[in-house]
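For reference, the chains in residue letters:
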Amino acid sequence: MTQYPKIYVAGHRGMVGSAIVRQLEAQDHPVDRIVTRTHEELDLTNQAAVNQFFKAEKPDQVYLAAAKVGGIHANNTYPAEFIYQNLMMQANVIEAAFRNGVKKLLFLGSSCIYPKLADQPMREDALLTGTLEPTNEPYAIAKIAGIKLCESYNRQYSQSHGVDYRSVMPTNLYGPGDNYHPENSHVIPALIRRFHEAKVNNAPSVTIWGTGTPKREFLYVDDMAAAGVHVMNLPLTTYSEHTQPMLSHINVGCGEDVTIIEVAEAVARAVGYTGAIHTDPTKPDGTPRKLMDSNRLNALGWRAKVGLDQGLKTAYQDFLANYAA
Ligand SMILES: NC(=O)c1ccc[n+]([C@@H]2O[C@H](COP(=O)([O-])OP(=O)(O)OC[C@H]3O[C@@H](n4cnc5c(N)ncnc54)[C@H](OP(=O)(O)O)[C@@H]3O)[C@@H](O)[C@H]2O)c1
C-alpha cells in the first residue's frame, strides 16, 4: 500500500494555501495526511512554538504559503512588520523543517522580488540585478531572503541530508479566497466589488483609475496551486537540469498580459454589468507593463489551464457566496 507523505500546508486559510489544500485533495491526497494550523493555533513568528510543532508532527513535506501580505498602503505604513514577520516565519519554518527531517519544501514568493525596471517579461535571472520598487522593498527583501534560505540549505545539506527546498514566484493571483476589502485589495477583487456594486445599484457607468492601458498578468489561484504541486513533485534530476544552485526559483505565470481596460471589461462580463466603463487619465497608471517570463516552468512541463473569463466567473461566484452584502 502506498504511504502518502504527510504534508504541512502553512497558511492554509489564505488564498494560496487554501488553493494548495484543494489541489492536494483533488489529486487524491488523503485529508488525514495534510497537516494545518491556524495563525491562532501556531504563530509562525514564534520560533519555540514552530520547533515544537515540527517535533510533534514530523511532516514529510512543507508548502510555505503563510506570509504577512498587503497592498501598497499597508506595506508603506507597516514596513517593519512586513520585513520582520516574513523573515521570522520563513527562517523558523525552514530551520525547523530541516532539524526535523523534512526533505521537501516549497517556498512561495512573488514577482515583487524583481527590480523595478527589470526587462519585460521578467526572467528569473533578473533577480538582484537592480533597485527594487521602494513601496514594497522590505517585503521583497524578505522574499528574496526566503529564496536564498532554500538555496543555502540545499547547498549545505542536500548531499548530507537529502534536503530539496524549492521556490516559486507567482504573478498576480485571483480567485476564491481573495481579499475584497474596499480600500486594500488587488486589481481584480477591487474591480469585482466595484462592478458588482454598480450592477446592484444600477449605476450607468464605472470609472477606473488611470488610462486603462497598463498591462498586467493574472493567474487563477488554483492554476498557481497546481503549478506549485507540479514543481514540488518534479524529480530532482529534472528540477536540477532547469535551475542553478544559486538561481533556483521558478516563475509561475500564464505568459500573457492584458490591459487594465481589458480586465475591467472581462470583470464586467463575469459580473453581468452592462453599463459604460470610463477611464480617469488624471489618476496614476503605475508601471506600463508587468509580465513574468514563465519559460522555465513551461519547459518543466506545466502550463496554465484556466482562462481569464472562466476564472473570473468562479471568482465572482466566490465573492457572491462569501463577501457580497
Ligand atoms: N495573492 C496574490 O496575488 C499573490 C501573488 C503572488 C504571490 N503570492 C504569495 O503567496 C503567499 C500567500 O499569499 P496569500 O495571497 O494566500 O495571502 P493571504 O490570503 O493573506 O494568506 C496568508 C496566510 O498566512 C497566515 N499568516 C500570516 N501571518 C502568520 C503568522 N505569523 N503565523 C501563522 N500564520 C500566519 C495568514 O493567517 P491570518 O490571516 O490568520 O493572519 C493567512 O492564512 C505569499 O507568500 C504571497 O507573497 C500571493
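Considerations on the side chain of Arg-216
Among the secondary structure elements, Arg-216 is positioned in strand 8 (residues 215-216). The contact partners of Arg-216, leaving out residues within four places of it in the chain, are Asn-172, Glu-256, Asp-257, Val-258, Ile-260, Asp-285, Gly-286, Thr-287, Pro-288, Arg-289 and Lys-290.

A word on the pairing of strand 4 (residues 104-108)
The buried fraction of strand 4 amounts to five of the five residues, a majority that puts the element mostly inside the structure. Judged by which residues are buried, strand 4 turns out to be covered on both faces: Lys-104, Leu-106 and Leu-108 on one side and Leu-105 and Phe-107 on the other are all buried. Looking at chain direction, strand 3 (residues 61-64) and strand 4 are connected through four bridges and run parallel. Within strand 4, the position partnered with Leu-64 by the bridge is Phe-107. A crossover connection joins strand 4 to the parallel strand 5 (residues 164-170) through helix 5 (residues 137-161); in handedness this β-α-β unit is right-handed.

Looking at the site of the ligand
Near the ligand, the surroundings consist of 24 residues, among which Val-16, His-39, Asp-43, Tyr-139 and Lys-143 are the closest. A distance of 2.7 Å separates an oxygen atom of the ligand from a polar side-chain atom of His-39. Residue Asp-43 places a side-chain N or O atom 2.9 Å away from a nitrogen atom belonging to the ligand. Here the ligand, which alone exposes 890 Å², has 81% of that area covered by the protein. Sorting the residues of the shell around the ligand by element identifies helix 1 (15-26) and helix 5 as the ones contributing at least two each.

Some remarks on the sheet that holds strand 1 (residues 7-10)
The six strands lie next to each other as 2-1-3-4-5-10, forming an open sheet whose pairing is parallel. Edge positions in the sheet fall to strand 2 (34-35) and strand 10 (250-252), since each of these pairs with one other strand and no more. Of the strand pairs in this sheet, strand 4 and strand 5 are connected by five bridges, and their pairing is parallel. Residue Leu-105 lies in a different strand from strand 5, and its bridge partner there is Tyr-165. Strands in contact with helix 5 are strand 4 and strand 5; relative to strand 5, the strand with the most contacts, it is inclined by about 155°.

Some details on helix 5
A rise of 1.5 Å per residue sets the reference length of helix 5, with its 25 residues, at 36 Å; its end C-alpha atoms lie 33 Å apart and thus fit the reference within 8%. Most pronounced at Arg-155, the bend in helix 5 amounts to some 40°. Positive phi shows up at Gly-162, right after helix 5, with a value of about 70°.

Points about the nonpolar core
Core analysis: the largest hydrophobic core is formed by 41 residues, its most contacted members being Tyr-8, Leu-44, Phe-54, Leu-105 and Tyr-165. If you list the elements that add at least two residues to this core, you get strand 1, helix 2 (47-57), strand 3, helix 4 (79-99), strand 4, helix 5 and strand 5. Sequence-distant contacts of Phe-54, defined by excluding residues within four places in its chain, comprise Tyr-8, Pro-59, Val-62, Val-93, Ala-96, Ala-97, Asn-100 and Val-102. With 31 residues, the next largest nonpolar core counts Tyr-63, Val-221, Ala-225 and Met-232 among its residues.

Observations regarding the pattern of salt bridges
Evaluation of the coordinates by the stated rule reveals 17 salt bridges. Note that Glu-57 is salt-bridged to Arg-37, the shortest N-O span being 2.8 Å. Of this pair, Glu-57 sits in helix 2 while Arg-37 sits in the loop between strand 2 and helix 2, and the two are 20 residues apart along the sequence. Its relative accessible area of 19% is what places Glu-57 among the buried residues.

Topic: the sheet that holds strand 13 (residues 289-290)
An order of 11-8-13 is seen for the three strands of this open sheet, with the pairing classed as mixed. Where the open sheet ends on each side, the last strands, each with one partner, are strand 11 (258-259) and strand 13.

A closer look at the packing of aromatic side chains
A full pass over the atoms with the stated rule returns 13 aromatic pairs. Each ring, one from Phe-195 and one from Tyr-273, has its centre 5.4 Å from the other, and the planes form 55°; the classification is tilted. You can see Phe-195 sitting in helix 6 (residues 187-200) and its partner Tyr-273 sitting in the loop between helix 9 (260-271) and strand 12 (276-280), a full 78 residues away along the chain. In this pair, the class of Phe-195 matches that of Tyr-273, namely buried. Put simply, the rings of Phe-98, Tyr-153, Tyr-157 and Tyr-165 pair up and form one aromatic cluster. One cation-aromatic arrangement involves Lys-68 over Phe-82; the distance from NZ or CZ to the ring centre is 5.1 Å. Lying over the aromatic face of Tyr-239, Arg-166 brings its terminal NZ or CZ to 4.1 Å of the ring centre.

Describing unusual backbone geometry
A cis geometry characterises the amide bond from Gln-120 onward to Pro-121, with omega recorded as -15°. In this fold, Pro-121 is placed in the loop between strand 4 and helix 5. Positioned with a positive phi, Lys-58 is a non-glycine residue whose angle comes to about 45°. Turning to its location among the elements, Lys-58 is positioned in the loop between helix 2 and strand 3. The exposure class assigned to Lys-58 is partly exposed, which follows from its relative accessible area of 42%.

Things to note about the packing of helix 6 against helix 9
Between helix 6 and helix 9, the least distance of the axes is 9 Å, while the angle of their chain directions is 50°. With respect to each other, helix 6 and helix 9 are oriented oblique. Note that helix 6 runs across helix 9; the crossing there is right-handed. Residues Val-187, Ile-188, Leu-191, Ile-192, Phe-195, His-196 and Lys-199 of helix 6 touch helix 9, and the partners they reach there are Ile-260, Val-263, Ala-264, Val-267, Ala-268 and Val-271. Residues of the contact of helix 6 with helix 9, tallied by class, amount to eleven nonpolar, one polar and one charged.

What counts and what doesn't
- Residues numbered from 1 in each chain as written.
- Predicted model: local features only at pLDDT ≥ 70, side-chain atom pairs only at ≥ 80, totals over all residues.
- Heavy atoms only, no water.
- Helix = DSSP H or I, 4+ residues; strand = E, 2+ residues; numbered from the N terminus.
- Contact = heavy atoms within 4.5 Å.
- Buried < 20%, exposed > 50% of the residue type's maximum accessible area, 1.4 Å probe, protein only.
- Pairing = 2+ DSSP bridges.
- Right-handed = clockwise from strand over helix to strand, strands pointing away.
- Near = heavy atom within 4 Å.
- Polar contact = N/O pair within 3.5 Å; in protein donor to acceptor, adjacent residues only side chain to side chain.
- Areas by Shrake-Rupley, 256 points an atom, 1.4 Å probe, with all protein chains shown as cover.
- Axes fitted to C-alpha atoms, helices over the stretch in contact; angles between N-to-C directions.
- Expected span 1.5 Å × (residues − 1).
- Bend = angle between axes of the 7 residues up to and from the residue.
- Core = buried A, V, L, I, M, F, W, Y, C linked by side-chain atoms within 4.5 Å.
- Salt bridge = Lys/Arg side-chain N within 4 Å of Asp/Glu carboxyl O.
- Phe/Tyr/Trp six-rings, centres within 6.5 Å; stacked < 30°, edge-to-face > 60°.
- Lys NZ or Arg CZ within 6 Å of the ring centre and 35° of its normal.
- Parallel < 35°, antiparallel > 145°, perpendicular 65-115°, else oblique.
- Left-handed = near helix turned anticlockwise from the far one by under 90°.
- Nonpolar A, V, L, I, M, F, W, Y, C, P; charged D, E, K, R; others polar.

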